[in-house]
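Residue strings, one per chain:
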Amino acid sequence: MKHRLLIVDDDDAVRVLLSTILEKEGYACLVAEDAVSARELLKTRPFDLILCDIIMPGESGLDLIRFCQEQYPDMGAIMVTGIADPQSAKEVLGVGVYGYIIKPFTNDQLLITVDNALRRCELEREQKRQSENLENTVRERTAELQDSILRLEAAKNKIQESETKFRIVIEKATDGISMTRKGQHIYVNRNFLKMFGYDHKEEIAGRSINEIVHPEERARLMKMYDQRIKGEKIPDRYRFKALKKSGEPIMVEVSVTRVDYQGQKTAFAFFRDVTESTRVQKALKESEKRLKAILENAPVGIKIVDVESRKIVEINRAGEKMIGISREMIVDRPCCEFVCPESKDFCPVMDSGEEIHNRETAITRLDGQHIQVTKTTVPVSLEGREHLIDIFVDISRHKKAVAEVRKAHREKEQLIKSIPSILIGVTPEGQISQWNPVSERTFGIRASEILCKPFSRCGIQWDWPRVHEAIADCLNTKRSISREKVRFTGSDGKEGFLGLTFTPVASDDAERPGFLVLGADITNRIMLELQLDQARKLEAIGQLAAGIAHEINTPTQYVGDNIRFFQDAFNDMKPVFEHYRELPDKLLKEGVAESIIAEIKENIVNGDMDYILAEIPEALEQTQEGVERVSTIVRSMKEFSHPGAKEKVAVDINRAIENTIIVSRNEWKYVADLKTDLDPLLPHVSCLPAEVNQVILNMITNAAHAVKDVVGNDGGEKGMITIRTRARDGFVEIRISDTGAGIPEKIQTRIYDPFFTTKEVGKGTGQGLAISRSVIVDKHGGTLSFETQEGKGTSFFIHLPVVSK
């Protein structure tokens, strides 16, 4: 039959925990949340044991236990509480509970306490019954015997009546009673027959008492009998193993009284079946033995301290090992010699009632070494005295391991933080596990905002289709996959390119690895590559232009020389022509034949002498001007295309602008007029000539395109491009203005972004202004800014420091 337990606690979690543990061990449990509910349950059925908290709403646990002891005296009680105060424990134990469990508790603590309490209840009930029965029997027997003696003394004729009454008393006795003479049964009562399994008194009458003694006990009992015959004192009450009629062994307790009965020495033996109580006592001893074995072999140190003397009264092997000396050298010494040496005059548990649970402290070994431990102290009452049970666990290795793990973690974190590349770790479940500072700076997302969140929804603005494709390839092939020029938008809102590598990372689930993303912002690298390509193109164009200029320069030179020769020759011949034209009139005056004069005049008319004399000088002058213009273009081309210097040199910005205007004439001459206002006193600037020329060319080209978007390309109305230079506060200012449509407000913040362009596909790379800004700001320490009005035009301002930076 299951033991019925009543659990009373206002904490639902505690009720569930207690009932779960106990029901697994076969106990039948009912629970109540307060004393009122418990009283109602007590009315409905009997309980073997009540487990009760002290502090509950309404009636306290102590009052409820007092009520149960008055109303249900056969029911045991255990106090389960979180109060470890010795005074409270003393008060609780004074009520008479069978156990005192302090929260938190272990399963073994609970089960051992409940088992011991139930066994104690059974023993007390059995002892109570036996005591009451014995007292009644003795009382009745004594009364009857006394009455019988009086009656025998008063009248022998009433002996038979007294004998009958005596036998009635014996028959009513709860113990088994046997009257023996010379070791043989002469009379037994009904309970004796029942106890030993006989049906009739005749079955046992006249038979030896040894027949109910187990063979293992006969020698011992015979020795006791011989001792009694010799007059030696032997116990009147003792236990032995007996045999029932069926051969079943039972344990009995016998009390023997020897009297003269009917004129003969007769022994009255009172038998009580103590098989169950013996089993319970044996179980208790075994339980104590197991508990001692558990404590002795526990991997944690356990010591017991007497509260009054503050000395150690017991310690297990693990405790000996921690302290470093034998148990004999530890027991009976003050606790503070080994634990809490700094508090030898004040114990936080004994003097202030402070509860200690898993508190870190130190144990001092005999050699002076300190061992880090966690300590839990539980107050208990042992043999009527207050004690403290100290449980301490060596955590020195644990703390060392934790320190090493923390150090390794710090080193790992430092390593991750020092990596100059983007580092993103993703778990097999697709959640972000690592996000280093470079990732924070690149994408503008803090690690605290992104860790443990899905990678696919992390908020990075980049080319997700290419990224997903690379991840799939990485996980499918289980090898690193690289992707170059992945377009993204950075934390500053500017677009750029990343170089990414996706690497699989093995996990416990081999089928679902995680992966690492390593990357770097390669926007500047791509810009440098583009600048290098542009420089190479310009260099090639410059070399071509220089070659063409060289080739043109030679014929232009000798054409010019010939034209100058023709001019000089014509000037020399002009007087001859003039004299020849006057010759007919002079010959006529001198009387030369008219036929000769007529021939000369005819030659003058036929040779169109007047037209030649008027037009040839003008034609030669225009030809000379054209040749000089060709020479100017050639010189400009040669200067513009001069190989870029590796070091900064002094440059005449006005000259550079004039050369660039000539070179770029084809870009603007059909859509705009170009006007210059160049400061003749402008100081030279230390710069890289080829790169500054490229910036000016980009600006003029952009201005021409802006004007073209407004006026078209039909050769009709033209716009205006104005270039002005000034010296301002240590800087040379170049202002290039156009009458284009202006820059829309929505894209004004992006015009310097790499690869951003508003032109049609194939019409622009989006690198002109980005490269120009890099050249002016990064390489020359200058500034590049603009002013614009939509519908009216734009002005770009280039400021270059006069002194090189």
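Residues numbered from 1 in each chain as written. Predicted model: local features only at pLDDT ≥ 70, side-chain atom pairs only at ≥ 80, totals over all residues. Heavy atoms only, no water.

**Regarding the overall build of the protein**
So, point 1. In terms of regular secondary structure, the protein is built from 22 helices and 27 strands.
So, point 2. Burial statistics for the protein: of 805 residues in total, 38% are counted as buried.
So, point 3. Look at the contacts in the protein between residues 6 or more apart in sequence, and 55% of them connect residues 24 or more apart.
So, point 4. For the protein, the computed accessible surface area is about 46100 Å², with 52% contributed by carbon and sulfur atoms. (Helix = DSSP H or I, 4+ residues; strand = E, 2+ residues; numbered from the N terminus. Buried < 20%, exposed > 50% of the residue type's maximum accessible area, 1.4 Å probe, protein only. Contact = heavy atoms within 4.5 Å. Areas by Shrake-Rupley, 256 points an atom, 1.4 Å probe, with all protein chains shown as cover.)

**Re a nonpolar patch on the surface**
So, point 1. Residues Met222, Tyr225 and Ile229 make up a contiguous nonpolar surface patch of about 290 Å² in total accessible area.
So, point 2. Inspection of the secondary structure assignment puts Met222 in helix H8 (residues 215-229).
So, point 3. Its relative accessible area of 40% is what places Met222 among the partly exposed residues. (Patch = residues over 30% accessible without salt bridge, like charges linked within 9 Å, V, L, I, M, F, W, Y side chains within 5 Å. Salt bridge = Lys/Arg side-chain N within 4 Å of Asp/Glu carboxyl O.)

**Points about helix H15 (residues 464-477)**
So, point 1. The end-to-end C-alpha distance of H15, which contains 14 residues, comes to 20 Å, matching closely the 20 Å that a straight helix rising 1.5 Å per residue would cover.
So, point 2. When we look at burial in H15, the residues that qualify are Trp464, Val467, Ala470, Ile471 and Cys474. Down the axis of H15, the buried set is contained in an arc of 125 degrees. They therefore lie on one face. Exposed residues pointing more than 90 degrees away from the buried face of H15 are listed as Pro465 and Asn476. (Expected span 1.5 Å × (residues − 1). Arc of directions from axis to C-beta.)

**Looking at the packing of helix H3 (residues 61-71) against helix H4 (residues 86-95)**
So, point 1. The interhelical angle for the contact between H3 and H4, taken along N-to-C directions, is 15 degrees, at an axis separation of 10 Å. Considering their axes alone, H3 and H4 lie roughly parallel with respect to each other. The two elements H3 and H4 meet at a crossing, and its hand is left-handed. Where H3 approaches H4, its residues Leu62, Ile65, Arg66 and Gln69 are matched on the opposing element by Glu91, Val92 and Val95. (Axes fitted to C-alpha atoms, helices over the stretch in contact; angles between N-to-C directions. Parallel < 35°, antiparallel > 145°, perpendicular 65-115°, else oblique. Left-handed = near helix turned anticlockwise from the far one by under 90°.)

**Observations concerning the sheet that holds strand E7 (residues 184-188)**
So, point 1. Across the sheet, five strands lie side by side as E7-E6-E10-E9-E8; this open sheet has antiparallel pairing. Two strands bound the open sheet, and with one partner strand each, they are E7 and strand E8 (237-243). Averaged over neighbouring strand pairs, the angle between their axes works out to 40 degrees when direction is ignored.
So, point 2. Bridge count for strand E6 (residues 176-181) against E7 is four bridges, and the pairing is antiparallel. Residue Ser178 lies in a different strand from E7, and its bridge partner there is Val188.
So, point 3. With respect to the sheet, H8 is in contact with E8 and strand E9 (249-261), its orientation differing from that of E8 by roughly 145 degrees. (Pairing = 2+ DSSP bridges.)

**A look at unusual backbone geometry**
So, point 1. Put simply, Lys103 and Pro104 share a cis peptide bond, and its omega is -5 degrees.
So, point 2. Structurally, the position occupied by Pro104 is in the loop between strand E5 (99-102) and helix H5 (107-154).
So, point 3. With a phi angle near 70 degrees, Cys452 is a residue other than glycine that sits in the positive phi range.
So, point 4. Position of Cys452 among the secondary structure elements: in the loop between helix H14 (447-450) and H15.
So, point 5. Judged by its relative accessible area of 58%, Cys452 is exposed.

**Regarding the packing of helix H2 (residues 35-44) against H3**
So, point 1. Remark: H2 packs on H3, axes separated minimally by 10 Å, with the N-to-C direction vectors making an angle of 20 degrees. In this view, H2 runs roughly parallel relative to H3, as classed from their interaxial angle. Between H2 and H3 the crossing geometry is right-handed. Contact with H2, carried on its side by Ala35, Ala38, Arg39 and Leu42, involves Leu64, Phe67 and Cys68 of H3 and no other residues of that element.
So, point 2. Residue classes in the contact of H2 with H3 are distributed as six nonpolar, no polar and one charged. (Nonpolar A, V, L, I, M, F, W, Y, C, P; charged D, E, K, R; others polar.)

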